[in-house]
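Overview (structure and organization)
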Amino acid sequence: PRINNFLGGGGNGSTAAAATNGGGGETQPPGSDMDVQEQSKKERQVLRVPDSYASISEALAHARNDDQIRISAGHYKESLALRDKVLELVGEGQMQAILIQGVGEQPALAQQHGFLRVSNLMIKAAGKAAVEVAGGSMVLEDCYVSGADSGVAVTGGGEVAMRRSVLSRCRKHGVHISGGGRATLESCSMFENGSHGVVALHQSSSLHLTRCMVSNNQGAAVGVDLGGEGVVEDNDLRNNKQGACLVGASSTDLVRIGSNLTS
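Conventions adopted
- Residues numbered from 1 in each chain as written.
- Predicted model: local features only at pLDDT ≥ 70, side-chain atom pairs only at ≥ 80, totals over all residues.
- Heavy atoms only, no water.
- Core = buried A, V, L, I, M, F, W, Y, C linked by side-chain atoms within 4.5 Å.
- Buried < 20%, exposed > 50% of the residue type's maximum accessible area, 1.4 Å probe, protein only.
- Contact = heavy atoms within 4.5 Å.
- Pairing = 2+ DSSP bridges.
- Helix = DSSP H or I, 4+ residues; strand = E, 2+ residues; numbered from the N terminus.

Observations regarding the nonpolar core
In this structure, Met162, Leu185, Met190 and Leu209 are the most contacted members of the largest nonpolar core, which totals 55 residues. Among all residues touching Met190, those that are not within four sequence positions of it are Leu167, Val175, Leu185, Gly197, Val198, Leu209, Cys212, Met213, Val214, Ser215 and Asn217.

Next up, the structure:
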């Protein structure tokens, strides 16, 4: 999937230079695009939870685009909803000591549009999804996601890149891609889920799974159907109750499978 660069720099990093105009030495006026870009870079903040803010929600309320929120050890019972934000959420310290748990049936983390980078966190919820991406782009790295019907649900044209993360012990699927969502999973583990490890359904929904271990799920390692697309290569897909890959008739020509361990 197309994952936009995070903290792209907001320009080339140079200060407003003198601009010649017919041999003159006029500088760009205050408020020019380059001035605004430089000011934006200087104003980027690191917001610390709980040192500076008692909760992640409080830090989010004070965060501006391109800020980073660093989260120290704790059990945070919060449902975080982000819309049109460009942010980074980073666990600081041992991942096993930093848990974000959704409130009630709400996801622990719900994103609509924007761009979000999430790393080094445990994330858990009890509803339909622990992490929900409905539009926008997310990078999820070095996280442990569990609980809910699905660990990560990608829909509404959302895009997710997951690396070195674990999706385990969900009631249904580790990852559920639908509604035109797209997901790339690299070097991830999906195990002991109630149905498939990862599933991609509906037209324009796509999965790229590589160098992952998907095992001990009650369904198949991978399920693709209803026009979903997929590339499944170089994975360990052994020891799932319904086998390595289940591909429906409407997706047969849209899935490429190769070089996986299946038995």
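The structure having been displayed, the exposition proceeds.
Quick notes on the pairing of strand S10 (residues 144–147)
Direction of pairing for strand S7 (residues 122–125) relative to S10: parallel, over a ladder of 4 bridges. Following the sheet pairing, Met122 is matched in S10 by Tyr144. Inspection of the sheet shows S10 paired to strand S13 (residues 166–168) by 3 bridges, in the parallel sense. When the bridges of S13 are listed, Tyr144 appears paired with Val166.

Overview of the environment of Gly156
Position of Gly156 among the secondary structure elements: in the loop between strand S11 (150–155) and strand S12 (159–163). A C-alpha to C-alpha distance of 6.0 Å links Gly156 and Gly181, two positions 25 residues apart in sequence. Apart from the residues within four sequence positions on either side, Gly156 is in contact with Ala134, Gly135, Ser178 and Gly179.

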